Structures are given as C-alpha cells and as structure tokens.
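# A closer look at the structure
One letter stands for each residue in the lines below.
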Amino acid sequence: MGIYIYKFGGTSLQTSALRTQIYDHLQQLIANHHKIVMVVSAFGRMPLPYATDTLLSFATHLPPKYQDRMMALGEQFSTLAISNELTKRNLSNIPCTVEDLGIITDEQFTQANIIQLFPQTIEQYLSIYDIVIVPGFQGLSFHHNLTTLGRGGSDLTAIIMSQMLDLQKAYCFTDVDGVYEYDPKTSTNVSKFTTISYDKMLTLIDQGAKIMCKGSILWAKQFQIQVFVGQLNQIENGTWIVAND
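Quick caveat, the model's predicted, so the values are computed rather than measured. (Residues numbered from 1 in each chain as written. Predicted model: local features only at pLDDT ≥ 70, side-chain atom pairs only at ≥ 80, totals over all residues. Heavy atoms only, no water.)

### Concerning the layout of surface pockets
- Reported here for the largest pocket is a volume of approximately 1,200 Å³.
- Taken together, the elements giving at least two residues each to the lining of the largest pocket come down to helix 1 (10–13), helix 3 (52–56), helix 8 (153–164) and helix 9 (198–206).
- At three residues, helix 8 tops the list of elements feeding residues into the lining of the largest pocket.
- In terms of residue class, the lining of the largest pocket is built from 17 nonpolar, 13 polar and twelve charged.
- A volume near 240 Å³ is recorded for the second largest pocket.
- For the second largest pocket, the lining is made up of 13 residues, of which L18, Q21, Q231, L232 and N233 are closest to its centre. (1 Å grid on protein atoms, 1.4 Å probe; cavity = no way out; pocket = protein on both sides within 12 Å on 5 of 7 lines; lining within 4 Å. Points joined across faces, edges and corners; volume = space filled by probe spheres on them. Helix = DSSP H or I, 4+ residues; strand = E, 2+ residues; numbered from the N terminus. Nonpolar A, V, L, I, M, F, W, Y, C, P; charged D, E, K, R; others polar.)

### Examining the packing of aromatic side chains
- Enumeration according to the criterion identifies 15 aromatic pairs in this entry.
- With centroids separated by 5.7 Å and ring planes inclined at 80 degrees, the aromatic side chains of F43 and F77 adopt a geometry described as edge-to-face. Taken together, the residues span a long stretch of sequence, with F43 in the loop between strand 2 (35–40) and helix 3 and F77 in helix 5 (residues 73–88) at a distance of 34 residues.
- Among the residues examined, F43 registers a relative accessible area of 10% and is labelled buried. (Phe/Tyr/Trp six-rings, centres within 6.5 Å; stacked < 30°, edge-to-face > 60°. Buried < 20%, exposed > 50% of the residue type's maximum accessible area, 1.4 Å probe, protein only.)

### Observations regarding the pattern of salt bridges
- Across all of its chains, the model carries seven salt bridges by this definition.
- Residue K221 pairs with D199 through a salt bridge whose shortest N-O separation is 2.6 Å. Of the two residues, K221 is situated in helix 10 (residues 214–223) and D199 in helix 9; the sequence distance between them amounts to 22 residues. (Salt bridge = Lys/Arg side-chain N within 4 Å of Asp/Glu carboxyl O.)

### A short note on the sheet that holds strand 5 (residues 114–117)
- Overall, mixed pairing links the four strands, which are arranged 5-4-7-8 in an open sheet. Each end of this open sheet is capped by a strand with a single partner; those strands are strand 5 and strand 8 (146–148). Neighbour-to-neighbour, the strand axes of the sheet open up by a mean angle of 45 degrees, direction not taken into account.
- Bridge analysis of strand 4 (residues 103–105) against strand 5 gives three bridges, and the strand direction is antiparallel. Within strand 5, the residue paired with T105 across the bridge is I114. (Pairing = 2+ DSSP bridges. Axes fitted to C-alpha atoms, helices over the stretch in contact; angles between N-to-C directions.)

### Comments concerning unusual backbone geometry
- Each neighbour pair has its own omega, and for M46 with P47 the value is 15 degrees, a cis peptide bond.
- Along the chain, the position of P47 falls in the loop between strand 2 and helix 3.
- Here the phi dihedral of N90 falls at roughly 65 degrees; this positive angle occurs in a residue that is not glycine.
- Its location among the elements puts N90 in the loop between helix 5 and strand 3 (93–95).
- Classification of N90 by relative accessible area gives exposed; the value is 70%.
- We note that H144 has phi near 65 degrees; this positive angle belongs to a residue other than glycine.
- Of the residues examined, H144 reaches a relative accessible area of 64% and is grouped as exposed.

### As for the nonpolar core
- Counting 43 residues, the largest nonpolar core has V134, M161, M212 and I241 as the members making the most contacts within it.
- Leave out the neighbours within four places in its chain, and M161 touches I5, V37, V39, L101, I103, I122 and V134.
- The next biggest cluster of nonpolar side chains, apart from the first, holds 24 residues, and it includes Y23, I36, A81 and L232. (Core = buried A, V, L, I, M, F, W, Y, C linked by side-chain atoms within 4.5 Å. Contact = heavy atoms within 4.5 Å.)

### Regarding the pairing of strand 2
- For strand 2, a buried count of six out of six residues is recorded, marking the element as mostly surrounded by other parts of the structure.
- Neither face of strand 2 is left uncovered, since the one carrying K35, V37 and V39 and the one carrying I36, M38 and V40 both have all their residues buried.
- Across six bridges, the pairing between strand 1 (residues 3–8) and strand 2 is parallel. Opposite K7, over in strand 2, you have V39 as the bridge partner.

Spelled out as structure tokens, the structure:
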C-alpha cells in the first residue's frame, strides 16, 4: 500500500467535469490498494462564490485575524463538497477540519509561521479511510485561532503532509503542464523543465513566477520533499522539483 499526497488547485476543481476526472483517477488508485491525502484549494477564481479573492472582497474592513477566518471558508467548503461527491460514489473518505491537521502556527495572521506539527490525527484517519480530504492554506494557533499560511499556501500544506507522514513526494496539480523558464502564456518558444532544482525554482519565483509559493519550496528544500507540478492527466509530462536537476 502506498500513500499519495495530491494537491489540487482551484482551477482544477472548479467544474463538476474536472472533479469527475479526479475522482476517476482516485478510484483507480484505491483499487490498487493505495490511499490518498487530498489537499484542496478553494473552487475556482473570482468571481466564483467560494474563490479566495471573492471571499476576501467581503473582508476589506476586517482586521487580519478575521480576514483569515473569511479566506479559509473556501477550502473548508471544498473539503465538504468533495466529500459529498466522493460519498455519492461510495468512496471511503473524511473531510478534515483545521483542528484535524495538526499544523500549529504563530498568530501572524494572513502569513502565519509554522511552529509545530502533530501527525497523529491524519495518521489515524488514513488507517480508517481511503481518502483524507485536507483544507489547504490554513493552520491553528496555540490560542486556537484559525490562521492562514500566505497566498498559495495549499502547496505548502501538501508538502507539510508529505513531511508529517515520512513520505518523499507531493503532487501539486494545476492548470499548467509544468514549470517553464518563462510564462508560456506571454512568451513563445519557451522550454519546460523536466526537473528543476529547489534553488533554480526559488530564483524563478523571485523573478516573478507564480506557479508555486516561495514558502512551499523552502519547506520542500529543508526536508528534501520532491514536488511534482503539472496536470493530473499528464503526470508523465510534468516537472519535478528536486535537490539537483
């Protein structure tokens, strides 16, 4: 039995058809005796109702502590909606709450720092369920306040889950098919990396690349977690972020 850490970005989850493709893939993994930690972002992008920026537009006059509570609703909605759809397909699953994650942070709201990790609840759920659905982007302070880990923090959540479970890989699925030297949406004749080192990836992020958040790559580098970036239906053609390319 293997455990896969799969993170799905909002654009990968925004339609029923896209989610059906994901569920078909997960069902095949389960048939082959694998389990999945499914880290999810909020569905879609603004103006979709549960997208992070849509929610944040209702919190412009709130202090950061309450902005975090508002923004986290998107991922919390995703866990429950996905659990409902997986249950309809008779797939064994549980939607986690922020309390279940074991990610303890400080109270630097909207950009919280991780202080301690407790994997016991996630490990327990994996012993019972085939799919553990994790809301990305969030943690809990020692004072039991919900915090968020910075924009793009669902990638960080996936890498943390890999570390917590003593795994070496995390898959981050998105609407692009890998990491390019330049943005393929605005540049022509750009080449895609098959592998790229943590340091080169950090350089691209510093130069403006938005495909991953910097904190997730720093965490992956520190704990030597290999990170896949690409599309679910083209796993063999994506990019691996590794120690040395």
